[in-house]
Each structure stands twice: as C-alpha cells, then as structure tokens.
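# Close look at the chain arrangement
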Amino acid sequence: MKRPPQRLRAIFAAPAGIGVLSSAALVLALTGDGWRDAISWAGLAVPVLTVAWAITSRRS
C-alpha cells in the first residue's frame, strides 16, 4: 500500500524543533549557572533520547 506524499513542513518539523531546542540549550549553558545549567542539561538530553528511542523502535 502506497502512502501519500508528505509536505515539506511535516517532514522537517521534528528535526527543526530538536535543532532549535538544542541551540537554545547550548546558549543557556554558555550564558549562566544554576537553573540555566539544569534546563540546558534537559534540553541537550532531548536529541540523545530521541535517537535512543528511534533505535529501539526500529528493532522491534
């Protein structure tokens, strides 16, 4: 069964969101300490967790 073609926006929405989140987390990590470090750790964990999820879901 053939799927209909997706729009460009639908294809790149998640990677663009992850990129924006990672960039913001890097800026927060470089510009402050304390709560900014905690937020940057959480923001930089998102791409790692996304890749881990993608790897495990592909093998199942």
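As a reminder, the structure under discussion sits directly above these lines.
Before going into details, it helps to say that this report is about the structure given with it.

On to the overall build of the protein, then. Along its length, the protein carries two helices and zero strands. Against the compact-globule benchmark of 10 Å for 60 residues, the protein has a radius of gyration of 15 Å, which places it well outside the compact range. Over its C-alpha atoms, taken along the principal directions, the protein stretches across nearly 50 × 25 × 10 Å. Of all 60 residues assigned to the protein, the portion counted as buried reaches 8%. For the protein, the accessible surface area stands at approximately 5,400 Å², while carbon and sulfur atoms represent 69% of it.

To continue, consider a nonpolar patch on the surface. Together, Leu8, Ile11 and Phe12 give the surface a local cluster of nonpolar side chains, amounting to about 310 Å² of exposed area. Relative to the assigned elements, Leu8 resides in helix H1 (residues 8–31).

What follows deals with the packing of H1 against helix H2 (residues 35–59). At a minimum axis separation of 8 Å, H1 and H2 run at an interaxial angle of 150°. Put simply, H1 runs roughly antiparallel to H2. Here H1 runs over H2; the crossing is left-handed. On H2, the residues touching Ile18, Leu21, Ser22, Ala25, Leu26, Leu28, Ala29 and Thr31 of H1 are Arg36, Asp37, Ile39, Ser40, Gly43, Leu44, Val46, Pro47 and Thr50.

On to the side chain of Ser40, then. Relative to the elements of secondary structure, Ser40 occurs in helix H2. Once residues within four sequence positions are removed from consideration, Ser40 is found in contact with Ala25, Leu28 and Ala29.

Time to look at H2. Spanning 25 residues, H2 covers 37 Å between terminal C-alpha atoms, matching the ideal 36 Å at 1.5 Å per step. At Val46, H2 shows its largest bend, some 30°, and a proline, Pro47, comes one to four positions later.

Take the environment of Ile39 next. Mapping Ile39 onto the fold places it in helix H2. C-alpha of Ile39 to C-alpha of Leu26: the two residues are 13 residues apart in sequence and 9.8 Å apart in space.

Rules and cut-offs
- Residues numbered from 1 in each chain as written.
- Predicted model: local features only at pLDDT ≥ 70, side-chain atom pairs only at ≥ 80, totals over all residues.
- Heavy atoms only, no water.
- Helix = DSSP H or I, 4+ residues; strand = E, 2+ residues; numbered from the N terminus.
- Rg over C-alpha atoms; globule rule 2.2 N^0.38 Å.
- Buried < 20%, exposed > 50% of the residue type's maximum accessible area, 1.4 Å probe, protein only.
- Areas by Shrake-Rupley, 256 points an atom, 1.4 Å probe, with all protein chains shown as cover.
- Patch = residues over 30% accessible without salt bridge, like charges linked within 9 Å, V, L, I, M, F, W, Y side chains within 5 Å.
- Salt bridge = Lys/Arg side-chain N within 4 Å of Asp/Glu carboxyl O.
- Axes fitted to C-alpha atoms, helices over the stretch in contact; angles between N-to-C directions.
- Parallel < 35°, antiparallel > 145°, perpendicular 65-115°, else oblique.
- Left-handed = near helix turned anticlockwise from the far one by under 90°.
- Contact = heavy atoms within 4.5 Å.
- Expected span 1.5 Å × (residues − 1).
- Bend = angle between axes of the 7 residues up to and from the residue.

Read these as geometric descriptors, not functional statements.
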